[in-house]
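# Topology and contacts: notes
Here's the letter readout for the chains.
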Amino acid sequence: MFVSFFPRPRLFFASFVVWSLFCIFLWYGFANDLGRTLGLGQFFGYGFPELLQGDAGEAAQAANADVEANAVGFWFYQYFITAILIFVGFWMWFSPHPWARWSVGGSALILFVNWFLVQLDVMINSWFGVFYDMIQSALGTPGSVEAGDFYWQFIVFLRIALLYVFFGTLFRFFVSHFIFRWRTAMNSYYMAQWQKLRHIEGAAQRVQEDTMRFASIAEGLGISLVDSLMTLIAFLPLLWALSAHIEELPIIGEVSQGLVFVAIIWSIIGTALVAVAGIRLPGLEFRNQRVEAAYRKELVYGEDRADRAAPPTVRELFENVRRNYFRLYLNYMYFNLVRIFYLQLGVLVPYFALAPSILTGVITLGVMQQITRAFGRVESSFQYLVNSWTTIVELMSIYKRLKAFEATIRGEPLPEIDLEYMQRERAGTTPEDQPAA
């Protein structure tokens, strides 16, 4: 699944994590201060401003801070691109691979564009603060907001949103091609070993359908994971800064940076609850593919042979399908009950946490919008498993089926669940005929 597309997968992904952490610590350590010396922003209109004297007015200091923030942002993109090029160049040299341009280079591009889109989302979050503060002023003091200033905020939003839509659409287009190349690599890899693999139950389905489903799920699940990590990196410091406005939480009382800890604790609780509620789903999904494959296989044989797909046999095979689906429905019922109830309660959590600050009027409407939106982004990033558990279950069931291919190619024993099925099949029964555990 991975060795067909990525060079030395375990080492590749481990080195990516180590390099990413190193670059993050390096940036916050001292690299962010090197922009004045090494940055190229002055050639593109994002140069660092001159240092102000201590007696500069507030307006001058605010304007200078905005210019410096833009310069630092531009310098970070230079730093980010340099770090990516070093990593990609190293792997191209260290471990050449037929699919390296797509797997290594494509992954780097996905990472960079995803970060760019998250930064646009951060800009939209800032816009919400300005816009809702303007609304609060206009409603509280009629005539205090000029019509031109109000309508200009729509233009500001459209500039950001249209840029997001444009690059987001191109991004999804590229990711679709990236994932299909991954499927192509898997297909070529398995077909090169077809003589070893064709004796495994459902081999044709695993090569054609499971690789297709694996690629399709990886597209959504993988991008969601990258987006969650990038969103967390971007919005967690923002929520930390915005939490400075909140000095008190309900029940707990005064606490520093309380909103960050509320988001983390609430997400951990939800992840634990959903994991427990859905613990049996991966095995049931795997067995569901088993019974569907057995039913389909008998029908295919019946197309060419009159002695196959007899009504009693087909009836028994379909009964296995029905039994397993009913088990799935039951398990998904209480799984969805827990997950949806948790997510619905989560809508109220930021407002509940902000209640003392709202009631005492220590924050404005714009700040409240910024906090709730940033809280939602951080919370959803921590809730990656909660939001993706159903898809993860399906991916795990596909992984179990393709794992038999990996074992056969390497000359290793088949996974236990495959051996169990083969033994029961020889005995005239399958695991699906047994009572549910």
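Keep in mind it's a predicted model, so treat the numbers as computed, not measured. (Residues numbered from 1 in each chain as written. Predicted model: local features only at pLDDT ≥ 70, side-chain atom pairs only at ≥ 80, totals over all residues. Heavy atoms only, no water.)

## Some words on helix α4 (residues 100-140)
As a reminder, the rule being used: Strands are runs of DSSP state E lasting at least two residues, helices are runs of H or I lasting at least four, and both sets are numbered from the N terminus onward. For a helix, the expected span equals 1.5 Å multiplied by the number of residues minus one. Note on bend: at a given residue it equals the angle between the axes fitted to the 7 residues ending there and to the 7 starting there.
Its 41 residues place the ends of α4 59 Å apart at the C-alpha level, agreeing with the 60 Å of an ideal helix rising 1.5 Å per residue. For α4, the principal kink sits at Gly106 and spans about 30°.

## Details of the side chain of Gln78
Rules: For each residue, the accessible area found with a 1.4 Å probe, counting protein chains only, is set against the maximum for its type, and the residue is called buried under 20%, exposed over 50%, and partly exposed in between. Contacts are residue-level and defined by heavy atoms, with any inter-residue pair within 4.5 Å sufficient.
Here Gln78 shows up in helix α3 (residues 58-94). On the accessibility criterion, Gln78 (16% relative accessible area) is buried. For Gln78, the contacting residues outside a window of four places in its chain are Leu38, Gly39, Leu40 and Gly41.

## Here's the deal with the nonpolar core
Here is the rule: To define a nonpolar core, start from buried Ala, Val, Leu, Ile, Met, Phe, Trp, Tyr and Cys residues and group those joined through side-chain atoms within 4.5 Å.
In this structure, Trp182, Phe214, Leu239 and Leu259 are the most contacted members of the largest nonpolar core, which totals 69 residues. Among the secondary structure elements, those contributing two or more residues to this core are α3, α4, α5 (147-192), α7 (203-242), α8 (258-277), α10 (311-360), α11 (365-382) and α12 (384-409). Top contributing element to this core by residue count: α4, with 15 residues. Discounting chain neighbours no more than four positions away, the residues touching Leu239 are Leu259, Val260, Ala263, Ile371, Ala374, Phe375 and Val378. One finds Val274, Leu281, Leu284 and Val393 within the second-largest nonpolar core, a separate group that totals 9 residues.

## Here we look at the packing of α10 against α11
Put simply, the test is: Only C-alpha atoms enter the line fits that serve as axes; for helices the fit covers just the stretch in contact. Angles between N-to-C directions range over 0 to 180 degrees. In a left-handed crossing the near helix is turned counterclockwise from the far helix by less than a right angle, and in a right-handed crossing that turn is clockwise.
In contact at an axis separation of 10 Å, α10 and α11 are set at 145° when each is read in the N-to-C sense. Relative to α11, the crossing made by α10 is right-handed. Of the residues in α11, those in contact with Gly346, Val349, Pro350, Tyr351, Leu354 and Ile358 of α10 are Met368, Ile371, Thr372, Phe375 and Glu379.

## Some remarks on the pattern of salt bridges
Rules: Basic side-chain nitrogens of Lys or Arg form a salt bridge, by our definition, when they fall within 4 Å of a carboxyl oxygen of Asp or Glu.
Applying the stated criterion to the full structure yields 2 salt bridges. Note that Glu319 and Arg322 form a salt bridge whose closest N and O atoms lie 2.3 Å from each other. Of this pair, Glu319 and Arg322 both sit in helix α10, 3 residues apart, which is roughly one turn of the helix. Glu319 gets classed as partly exposed once you look at its relative accessible area, which sits at 29%.

## Thoughts on the UniProt feature "transmembrane region" (unreviewed entry) in the protein
Counted only if it meets this: UniProt positions are given in the numbering used here, feature names are shortened, and annotations may be inferred rather than shown by experiment.
The sites that carry the UniProt feature "transmembrane region" (unreviewed entry) are, in the present numbering, residues 12-30, 74-94, 106-130, 150-175, 221-240, 260-281, 325-342 and 348-368. In residues 325-342, the share of helix is 100% and the share of strand is 0%. The end C-alpha atoms are 25 Å apart.

## Details of the confidence of the model for the protein
Put simply, the test is: For every residue, the predictor reports its confidence as pLDDT, a number between 0 and 100.
For the protein, the mean per-residue pLDDT works out to 79, and 89% of the residues sit at or above 70. No element of the protein has a lower mean pLDDT than helix α13 (residues 416-426), at 54, and none a higher one than helix α1 (residues 9-29), at 89. Segment residues 428-437: pLDDT under 50, and 24 contacts once partners within four positions in sequence are set aside and those in other chains are kept.

## Looking at a nonpolar patch on the surface
Where we set the bar: Put simply, a patch holds well-exposed residues, over 30% relative accessible area, that have no salt bridge, with like charges counted together within 9 Å and Val, Leu, Ile, Met, Phe, Trp or Tyr side chains within 5 Å. Note on areas: these come from Shrake-Rupley sampling with a 1.4 Å probe, and a residue is covered only by the protein chains present in the view.
A surface patch of nonpolar side chains, about 610 Å² in accessible area, is lined by Val17, Leu21, Ile24, Phe25, Tyr28 and Ile233. By the element assignment, Val17 lies in helix α1. Taking the relative accessible area as the measure of exposure, Val17 reaches 46% and is therefore partly exposed.

## Description of the packing of aromatic side chains
Here is the rule we go by: The pairing test for Phe, Tyr and Trp rings, Trp by its six-membered ring, is centres within 6.5 Å, and the orientation test on the planes gives stacked under 30 degrees, edge-to-face over 60, and tilted for anything in between.
Tallied over the full model, the rule gives 48 aromatic pairs. Pairing Phe90 with Trp93 gives two aromatic rings, centres 6.0 Å apart and planes at 55°, and the pair type is tilted. Highlighted residues: Phe90 and Trp93, both in helix α3, separated by 3 residues, approximately one helical turn.

## Let's talk about the environment of Gly376
Of note, Gly376 is situated in helix α11. A residue is classified by how much of its surface remains accessible, and Gly376, at 26% relative accessible area, is partly exposed. Here the alpha-carbon distance between Gly376 and Pro350, two residues 26 residues apart in the chain, equals 8.0 Å.

## Here's the deal with the environment of Leu51
Mapped onto the fold, Leu51 is located in the loop between α2 (35-38) and α3. You can call Leu51 exposed: its relative accessible area is 67%.

## A look at the environment of Ile264
Within the secondary structure layout, Ile264 lies in helix α8. When the C-alpha atoms of Ile264 and Gln383 are compared, they prove to be 9.1 Å apart, with 119 residues separating the residues in sequence.

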